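One-letter residues, chain by chain:
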Amino acid sequence: MPGHGLVADPFLGSGPDGDGERPVRRGRIVDPESCGRLIGRIADAALGPDRTDSVIVLSHPVLAGAVHRNAARELLAGLGPTRVLILSSARAAAAYGGPRDAGPLLVVDMGAELTEVTLLVGGRIADARQAETGLSDLDPATLPATLVGTVLDMVKSMWRQDRHGAIRGALRKGPVLAGGGALRPEVTDRIARCLGTPVRLADDPSTTVVRGAGQILSSVLRHGVTPAPSLPRRTR
């Protein structure tokens, strides 16, 4: 946070070996008490005690189920009179790193614990895939090949189910790459080569989602535009 540095929870990592669980794992809240405490500290630093008319944007993994979204919403409700806007991480990444047109767009988010590929059409989620593995799970020696293979498998799966050519159009435009994996040239270059298309990288891929959420928040505050709802998770 500007002016505050890294806002951390002093109770995290307080187990006997200093390896206590983080409150969010694989995009899901696993420790509501600790997570609520951390959110409260951030809100105190950013908003102060009077939170009347404040707005908070919450981004979540694309395929996060209603149970996990509702758990996050309940924690934010404890902050007081704030308005909460919920949107997927793919829409946030597209807002910051994608083109301005409303055509099909592929967003590849390669994080520490999740890897997601999302097809957006007109700003809405048309299809999505998720692998519950990320940078922290992979052997550094094989990370590029394994991560790229995971991404390509998800793109191929979406291609096989695409009936309207949206994936083809999105690939011609070039996918948006986000997350820590997009910081690694050996990963981004291999994805571009295997897909046969240029890729789009934001200035800082590891913060693409939070910066995009900030842009959407600014638009909401200026124009009162509400993000489109995310689709519920579908059984495959």
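Small disclaimer: the values here were computed from a predicted structure and weren't measured. (Residues numbered from 1 in each chain as written. Predicted model: local features only at pLDDT ≥ 70, side-chain atom pairs only at ≥ 80, totals over all residues. Heavy atoms only, no water.)

A.B. asks: Would you take a moment to explain the pairing of strand S4 (residues 82-88) for this structure?
C.D. replies: Regular strands have side chains that alternate between both faces of the sheet. For S4, the tally of buried residues reaches six of seven residues, placing the bulk of the element in the interior. By the bridge criterion, seven bridges tie strand S3 (residues 54-60) to S4 in an arrangement that is parallel. In the strand pairing of S4, Ser 59 is matched with Leu 87. (Buried < 20%, exposed > 50% of the residue type's maximum accessible area, 1.4 Å probe, protein only. Helix = DSSP H or I, 4+ residues; strand = E, 2+ residues; numbered from the N terminus. Pairing = 2+ DSSP bridges.)

A.B. asks: Which parts of the structure should I look at to understand the pairing of strand S6 (residues 115-121)?
C.D. replies: Burial analysis of S6 places six of its seven residues in the buried class, which makes it a mostly covered element. Pairing geometry for strand S5 (residues 105-110) and S6, over six bridges, is antiparallel. Paired with Met 110 across the bridge in S6 is Thr 115. Counted along the chain from S5 to the antiparallel partner S6, the turn is four residues long.

A.B. asks: Could you clarify how one ought to interpret the confidence of the model for the chain in this entry?
C.D. replies: A low pLDDT means the predicted coordinates there should not be read in detail. With 86% of its residues at a pLDDT of 70 or more, the chain shows a mean pLDDT of 85. The secondary structure element of the chain with the lowest average pLDDT is helix H1 (residues 32-47), at 86, and the one with the highest is S5, at 97. Under a pLDDT of 50 for its full length, residues 15-19 has, in the predicted model, three contacts with residues more than four places off or in other chains. Here residues 227-236 is modelled with pLDDT under 50, and outside its nearest four sequence neighbours on either side it reaches 22 contacts, counting other chains as well. (pLDDT = per-residue confidence, 0-100. Contact = heavy atoms within 4.5 Å.)

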